[in-house]
Amino acid sequence: MVLLGPPGAGKGTQAVMLAEKKNFLHLSTGDILRENVKRNTDIGKKVKVFMEKGELVPDDIVIEMMLDTIKNAKAKKDFILDGFPRTVYQAKKLDAELNKLKLAIDMVVYFKTGIETVILRLTGRRLCSKCGANYHIVNMPPKKQGVCDKCGSELYQRKDDSEETIKKRLEVYNSQTKELIDYYKAQGILEEVSGDLEAGAVYSELTKILNTR
Ligand code: AP5
């Protein structure tokens, strides 16, 4: 399954819920890239500057990284791609590779989400510095401010969640990623959920779609 939508639409939140409750493997391009930056790997050194500016990382880096990840995941279980593909070029490369592996995308879920929602969500997002758990200062606050409910570690704000970088990420989404909606619609595998709803309601929409497929 591919999750598609603007930054802050709730793709990561829903992918974590699906992984926990339905046993999917969650493959998040953003998480994998951020882990590379944190560990200062060769990939991390190359991508850091793009991510901090809210620009897309060059196609070739992300394609090679994700196709390797998919090959390693193939035998394990059904997987969710969160944040990949993000350009038509990436989508075509993914189709070709899946074809070689005799796999196919069952469905692409588009999170239709308003710009006001997205800005409020991203500016209020906080993450656990140790386990990566995701919070929102208003919508999904931790029990104790600044502290992770799950492991007790400190919460932090992503560098690219500043207002200026959010604006850039939205521009990039509109100019380079949005066209994937038509790309997958033409393949007959696009489904839509209302990303503006609260997380439980989005999850219900998602499970209804899963049950009809
Ligand atoms: P990435 O990490 O993929 O960021 P993104 O697409 O901008 O998505 P986000 O993680 O910001 O949002 P989300 O939709 O997952 O929302 P979330 O669930 O966290 O990518 C980061 C960077 O990496 C890119 O800018 C680029 O540089 C690079 N990159 C990644 N993939 C690439 C690719 N394929 N090609 C090239 N470059 C690539 O929710 C947001 C907040 O809202 C949270 O606080 C959450 O608690 C809250 N929330 C979520 N759902 C709800 C709800 N229903 N109601 C209320 N609050 C909610």
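As a starting point, this report considers the structure included with it. Note that the structure is predicted; figures quoted are calculated from it, not measured.

In spatial order, the strands read β6-β5-β7; together these three strands make up an open sheet with antiparallel pairing. Edge strands, defined here as strands with exactly one partner in the open sheet, are β6 (134-136) and β7 (155-156). In this sheet, β6 lies alongside strand β5 (residues 125-128) in antiparallel orientation, the contact comprising three bridges. The residue bridging Arg-126 from the neighbouring strand is Tyr-135, located in β6. Along the sheet face, helix α6 (residues 115-124) touches β5 and β6 and points at about 40° away from the line of β5.

Moving on: the layout of surface pockets. Volume-wise, the second largest pocket comes out at about 340 Å³. Around the second largest pocket sit 16 residues that line it, and Met-1, Asp-78, Phe-79, Ala-104 and Asp-106 are the ones nearest its centre. A breakdown of the residues in the lining of the second largest pocket according to their chemical character gives eleven nonpolar, no polar and five charged.

Before going further, it helps to spend a moment on the site of the ligand. Taken together, 35 residues lie around the ligand, and Thr-13, Glu-55, Arg-86, Arg-125 and Arg-169 are the ones closest in. Between Tyr-135 and the ligand, the recorded distance is 2.8 Å, taken from a backbone N or O atom to an oxygen atom. The contact in question runs from an oxygen atom of the ligand to an N or O atom on the side chain of Arg-169, over 2.6 Å. The protein chains hide 96% of the 1,000 Å² of surface that the ligand would expose on its own.

About the cut-offs
Residues numbered from 1 in each chain as written. Predicted model: local features only at pLDDT ≥ 70, side-chain atom pairs only at ≥ 80, totals over all residues. Heavy atoms only, no water. Pairing = 2+ DSSP bridges. Helix = DSSP H or I, 4+ residues; strand = E, 2+ residues; numbered from the N terminus. Contact = heavy atoms within 4.5 Å. Axes fitted to C-alpha atoms, helices over the stretch in contact; angles between N-to-C directions. 1 Å grid on protein atoms, 1.4 Å probe; cavity = no way out; pocket = protein on both sides within 12 Å on 5 of 7 lines; lining within 4 Å. Points joined across faces, edges and corners; volume = space filled by probe spheres on them. Nonpolar A, V, L, I, M, F, W, Y, C, P; charged D, E, K, R; others polar. Near = heavy atom within 4 Å. Polar contact = N/O pair within 3.5 Å; in protein donor to acceptor, adjacent residues only side chain to side chain. Areas by Shrake-Rupley, 256 points an atom, 1.4 Å probe, with all protein chains shown as cover.

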